[in-house]
Amino acid sequence: MSAILSADALNDFIAPSVECIKPVESLPEPQSNELTVGIEGTMPDTRTAAQISLTDCLACSGCVTSSEAVLVSMQSHNEVLSALQQFPGKKFVALLSPQSRAALAVALQTTEQTVTNMVTELLTKSLGEKQFEMVVDTNPFRQLSLHYASEEVLDSLDDPERKRPILTSACPGFICYLESTHPILIPHLSTLKSPQAIGGTFLKALMIGEGRATSPDDVYIVSIMPCFDKKLEGARGELTSTAWQVNGADGTSVRDVDCVITTRELLSLAEAKGIDFRSLSRSAQPTPAISSNPTIQKFLTTRLTNGAADNGTSGGNLTTILSSLLARYPGSTVTIQPGRNIDTRDYLVVSPTGETIAKLSRCYGFRNIQNLVRKLKPAPTRVLPIFGAKRVAATPAAARRVAAKKAGSGEDKSVYVEVMACPGGCTNGGGQIKWDDEAIWTALGLDKPESQRDLLARVDEAYYSASEETKEREYGIQAVVGEFLKATGLEEDKLVRTGYRQVANDIGNRLSEKDALAVASRNDGGW
Amino acid sequence: MKLTQLASIAAHPDRVWQVAPHPTLPFLATASADKSSKIISLLNFNTLTTLDGGHKRTVRSVAWKPNTEDEPVLATGSFDYNAGIWRQFEDEATEKKDWQFLVILEGHESEMKRVAWSAGGSFLATCSRDKSVWVWEEMDDDNFETVAVLQDHTQDVKCVAWHPEDVLLASGSYDNNIMLYKEGSDDWVCVKVLEGHESTVWSLEFEPLKSPKYSEERGSRLVSCSDDFTVKIWTRTEQTGLGSGGGQLPSILRGSQPKEEWECTATLPKAHSRSVYSVSWSKVTGRIVSCGGDGKIVVYEEAEDNEWKIVAEVGLAHGAYEINCVAWSTRYDKDKRGENDEIIISSCDDGKVNFWVLDEE
């Protein structure tokens, strides 16, 4: 038995799954145009025989598929350290997310800016013979994605074909869940890449365009993120060099982001090198020379605020789009409708005459995602069975009540939902330091926090207290993008857009965080 | 005491996984591998209705919603990953009563194993082989929302049960543990893990408050039965937080994390030689009945505080078949001996449902 699958992971009742979830790999027969109508469940099965290989182990949907275990396990701090040794010729660049900074700020009892200094000291000066070239903040790439996100939503208002509401595409946990469990909702997803993905494409293409690298393989990007699902995102086939490379790739596909490690793994990386994180220099570091183009350089090195509590800790997609809508409909105001818990909330853009123009919603956490998915899925077309001699007309009064409520709730005006898999947003990601990580708190010389809520409140505070420098609107994103496209020869779409596909994998039954950690932090890094 | 078979009906052509007597009306609901559920009259043991077409696979569990006498509501949980909600309507014109399938609750990613309504009927809990326990709330007519998705178990969750008064949920799993959940300030959390069983926990039930042996001083109790052939009793020793019953410090004083402390206080005398699949606790007499893979039905009585003895036993209660479910029920048939008379209902793999009376020797 493989090291990943163990007796613990098997269940007692392994019934053959009703539908085989392995995709049919042969081309389908050309369909005839004849329609037939039949009772649900009795239609002839036109599927061809499926092939199941041992490595997939799809006998039951309760098992962990080997593929995602491999994807996750092959990205760990050990992987980064061995890459540094194995590829001395590559340029190593780190992407640092604001949520990881916030968590480290609490762990190191300092500000978020100082954390950047310390991480830069660690990665560019303390690793020995081969070091990182620079540490880049992901916030500029977030600003790019927010700019395009607003555009996407505004454009969708004029496009009757576009499926609304548009769902945020920055959370790989949610994307994987949708792709494997509710592929019918894929058309709702925003077509934008996440900040991490944009960062990968941007930096690699830029370095090639500016002559500091000859191929995407020359640059090794390590991204430091608050969760494990970002590792799965990093390994996506859509986010590789073949998607954007300008001068005809030689065929080998290189990931835009080569390795994703979590906040906790960054601490492990330091420990593995015998470095006490607390002792790293806290002084300001020289600004990294990322680009030879002054506009791009300024854009990438100016520190950006994370906004206020209303933005949420997952990038602020909703509030940015909300601002754009308010700008598009002058005189309109916002009404906030709290949902049944803090992770769900509606924001209504209301015209001066009181009419709802648009509804935006926040939806964090699996339990709320369930309700969202149920609302969005087309109503089942089957006829519900009824009994007895006569058909009972389902209480018309009830039907009227439901319809009235639906009309008033502005459900049909829903244009955007900021969906995140983690309750509380990204600062509560699975890769962050947890309140009960005794070993980590001890090593940091701190008392264990009272509870996860308590810790999260402190991390959120660190997150929102980030520098209050220039806001994105002063940025002239278009100018920056213009310079980038000139320097690299890329098309705009290749920088910011991506696609999705229905997958037959088990990511819907996600690897639990504990298993992923155990697998990801093993010394051999794989199996 | 002895158990005598009162009646036996061939309810389904395939195994009957669970039986659920209505809390106040003379109905019995069954859940069967033939993908249907039947409503059987407890007055004369005739089948009143067959609810089918709602599920594509075995119906594994049924549960009656409390406080809905005029329009009984039944929840069914199935191996097709969904739960169904059915209601009996009375047609105003003809005054005929018919059943209607109202809602499908989708979301679980694997076979559903049990459904259970909370004491007041406001929440429905479902558990599944996908290792999770979901709590649903009915928002308005037939519109259910997921309120919590609890993923604390590490294996298939076999059963869920609610406390008779507090908003406290218990679940039992293939991982040998029982978990207790409560609603915290914003989300449901697992407040206690009860370890002790050495194998799968197949079923559990809280002590009914109306049981003559229930003592508020001693605290709530829970009975669980397991693949390790034992039946255990757990007693609550401490509780705080929202949704707690009376008598404890308000949670505002100590932060709003609810807390529960429970201990295993008894293991019932060994009676089964195979897995014990189901237990039920009588609200009339405080006796416990269990059934299992060895085909036995066993009744236990509490002599002293936490000292239990076997008072009746019947072997091969369904011939050679494993008995999946056993439940106490108020007795309604014509030979009942008074308003508080009880029967035991059992169901098994051969599709039969048997009715038993407990008599003095």
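Along each chain, residues carry numbers from 1 onward, in the same order as the chain's sequence is written. The naming scheme follows written order: chains are lettered A onward, ligands numbered 1 onward. Given that the model is predicted, a residue must reach a pLDDT of at least 70 before its local features are reported, and side-chain atom pairs must reach 80 or more before they are shown or counted; all residues, however, enter totals for whole chains, interfaces and linings. Side-chain numbers come from the whole structure's heavy atoms, not from hydrogens or water.

Under the annotation held in an unreviewed UniProt entry, chain B carries the name Probable cytosolic iron-sulfur protein assembly protein 1 and is attributed to Pyronema omphalodes. On record in UniProt, under Function (unreviewed entry), the comment for chain B is "Essential component of the cytosolic iron-sulfur (Fe/S) protein assembly machinery. Required for the maturation of extramitochondrial Fe/S proteins." Taken verbatim from the UniProt record of chain B, the Sequence similarities (unreviewed entry) comment is "Belongs to the WD repeat CIA1 family." UniProt positions are given in the numbering used here, feature names are shortened, and annotations may be inferred rather than shown by experiment.

Going by an unreviewed UniProt entry, chain A carries the name Nuclear architecture-related protein 1 and comes from Pyronema omphalodes. Heading Sequence similarities (unreviewed entry) of the UniProt record for chain A holds this comment: "Belongs to the NARF family." As stated in UniProt under Function (unreviewed entry), the record for chain A gives "Component of the cytosolic Fe/S protein assembly machinery. Required for maturation of extramitochondrial Fe/S proteins. May play a role in the transfer of pre-assembled Fe/S clusters to target apoproteins."

1. Some words on empty space enclosed by the protein
Vacant regions in the atomic arrangement are exposed by a probe of water-molecule size rolled over the atoms. Residue and element names in this part refer to chain A. Residues are called lining when one of their atoms sits within 4 Å of a cavity or pocket point, these points coming from a 1 Å grid over the protein atoms alone, where a cavity is a set in which a 1.4 Å probe fits but cannot get out and a pocket is an open set with protein on both sides within 12 Å along at least five of seven lines. Grid points are joined across faces, edges and corners, and a volume is the space filled by probe spheres set on the points. Using the criterion set out here, one finds eight cavities of 30 Å³ or more in the structure. Space inside the largest cavity adds up to approximately 350 Å³. Lining the largest cavity are 28 residues, and of these Q99, A170, K230, S314 and C426 sit closest to its centre. Secondary structure follows DSSP: runs of H or I at least 4 residues long count as helices, runs of E at least 2 residues long count as strands, and numbering of each begins at the N terminus. For the lining of the largest cavity, the secondary-structure elements that each account for two or more residues are α3 (98-107), α5 (139-157), α6 (172-181), α7 (195-209) and α8 (229-234). Looking at the lining of the largest cavity, the element that brings in the most residues is α5, giving four residues. Gly counts as polar in this scheme, as do all residues outside two lists: the nonpolar Ala, Val, Leu, Ile, Met, Phe, Trp, Tyr, Cys and Pro, and the charged Asp, Glu, Lys and Arg. Along the lines of polarity and charge, the residues of the lining of the largest cavity split into 14 nonpolar, 11 polar and three charged. What lines the second largest cavity is a set of 14 residues, among which S169, E233, R236, L239 and Y500 lie closest to the centre.

2. Structural notes on the sheet that holds strand β7 (residues 344-350) of chain A
All names here are of chain A. Strand pairing is defined by DSSP finding a minimum of two bridges between the two strands. With mixed pairing, five strands are arranged side by side in an open sheet as β3-β9-β8-β7-β6. Every other strand in the sheet has two partners, leaving β3 (166-167) and β6 (333-338) as the edge strands with one partner each. Both β6 and β7 contribute to a ladder of six bridges, which runs antiparallel. Opposite T333, over in β7, you have V350 as the bridge partner.

3. Overview of helix α4 (residues 112-125) of chain A
Residue and element names in this part refer to chain A. Each helix should span, by expectation, one fewer than its residue count multiplied by 1.5 Å. If you check α4, its first and last C-alpha atoms are 19 Å apart, about what 14 residues at 1.5 Å a residue would give, namely 20 Å. Remark: exposure states derive from per-residue accessible area (1.4 Å probe, protein chains only) relative to the maximum for the residue type, with buried under 20%, exposed over 50%, and partly exposed in between. Extensive coverage of α4 is indicated by the burial of 12 of its 14 residues. Three or more residues of α4 are buried, namely E112, T114, V115, T116, N117, M118, V119, T120, E121, L122, L123 and T124. Those residues of α4 that are buried lie in contact with β1 (91-96), α3, β2 (134-137), β4 (219-225), α9 (263-272) and α15 (452-464). Any two residues having at least one pair of non-hydrogen atoms within 4.5 Å are treated as being in contact.

4. Comments concerning the UniProt feature "repeat: WD" (unreviewed entry) in chain B
Mapped onto this numbering, the UniProt entry gives "repeat: WD" (unreviewed entry) at residues 52-86, 105-137, 150-182 and 194-234 of chain B. Summarising residues 150-182 of chain B: 0% helix, 55% strand, and an end-to-end C-alpha distance of 11 Å.

5. As for the packing of helix α10 (residues 294-301) of chain A against helix α16 (residues 477-488) of chain A
Residue and element names in this part refer to chain A. For helices, the fitted line uses only the C-alpha atoms of the stretch in contact; every axis is such a line through C-alpha atoms, and the angle between N-to-C directions lies from 0 to 180 degrees. Running from N to C, α10 and α16 cross one another at 125°; their axes reach a closest spacing of 9 Å. Considering their axes alone, α10 and α16 lie oblique with respect to each other. Crossing handedness for the pair α10 and α16: left-handed. For the pair α10 and α16, the contacting residues are T295, I296 and F299 in the first and I477, V480, E483 and F484 in the second. Reported orientations rely on four angle classes, namely roughly parallel under 35 degrees, roughly antiparallel over 145, roughly perpendicular from 65 to 115, and oblique for the rest. By convention the crossing between two helices is left-handed if the near helix lies anticlockwise of the far one by an angle smaller than a right angle, and right-handed if it lies clockwise.

6. Some thoughts on the packing of α7(A) against α16(A)
All names here are of chain A. For the pair α7 and α16, the least separation of the axes is 8 Å and the interaxial angle reads 55°. Between α7 and α16, the angle falls in the class oblique. Considering the relative orientation of α7 and α16, their crossing is left-handed. Residues F202, A205, L206 and G209 of α7 form the contact with α16, whose own contacting residues are F484, A487 and T488.

7. Observations concerning the sheet that holds strand β16 (residues 178-183) of chain B
What holds strands together in a sheet is hydrogen bonding between their backbones, with the strands either parallel or antiparallel. All names here are of chain B. With antiparallel pairing, four strands are arranged side by side in an open sheet as β14-β15-β16-β17. Either end of the sheet is taken by a strand with one partner, and the two such strands are β14 (157-162) and β17 (188-194). Strand-to-strand twist of the sheet, defined as the mean angle between neighbouring strand axes without regard to direction, takes the value 25°. Bridge count between strand β15 (residues 168-173) and β16: five bridges; the pairing is antiparallel.

8. So, the packing of aromatic side chains
Ring geometry is summarised as follows: Phe, Tyr and Trp rings, the Trp one being its six-membered ring, pair when their centres sit within 6.5 Å, and such pairs are stacked at plane angles under 30 degrees, edge-to-face over 60 and tilted between the two. Applying the stated criterion to the full structure yields 21 aromatic pairs over all chains. Taken together, a centroid distance of 5.9 Å and an interplanar angle of 15° make the contact between F123(B) and W162(B) stacked. Placement of the pair is F123(B) in strand β11 (residues 123-128) and W162(B) in strand β14, with a sequence separation of 39 residues. In this pair, the class of F123(B) matches that of W162(B), namely buried. Each residue in the set F87(A), F92(A), F132(A) and Y220(A) is aromatic and connected to the rest through ring pairs, giving one cluster. Our definition puts a charge over a ring when NZ of Lys or CZ of Arg is within 6 Å of the ring centre and also within 35 degrees of the ring normal. The ring of F87(A) carries K90(A) above its face, with NZ or CZ at 4.1 Å from the centroid.

9. So, the pattern of salt bridges
Salt bridges are defined by distance alone: a side-chain nitrogen of Lys or Arg within 4 Å of a carboxyl oxygen of Asp or Glu. Here the structure, examined in full by the defined rule, presents 50 salt bridges over all chains. Of the charged contacts, one joins D310(A) and R345(A) as a salt bridge, the two residues approaching to 3.7 Å between their closest N and O atoms. Here D310(A), found in the loop between α10 and α11 (317-328), pairs with R345(A), found in strand β7; they are 35 residues apart in sequence, far enough to count as distant. Close ionic contact of K359(A) with D346(A) constitutes a salt bridge, the shortest N to O distance being 3.3 Å. Of this pair, K359(A) sits in strand β8 (residues 356-364) while D346(A) sits in strand β7; the two residues are 13 residues apart in sequence, bridging distant segments of the chain. Assigned by exposure class, K359(A) and D346(A) land together as buried. Salt bridges here are not isolated pairs; linked through shared partners, they connect R331(B), D333(B), R337(B), D341(B) and D359(B).

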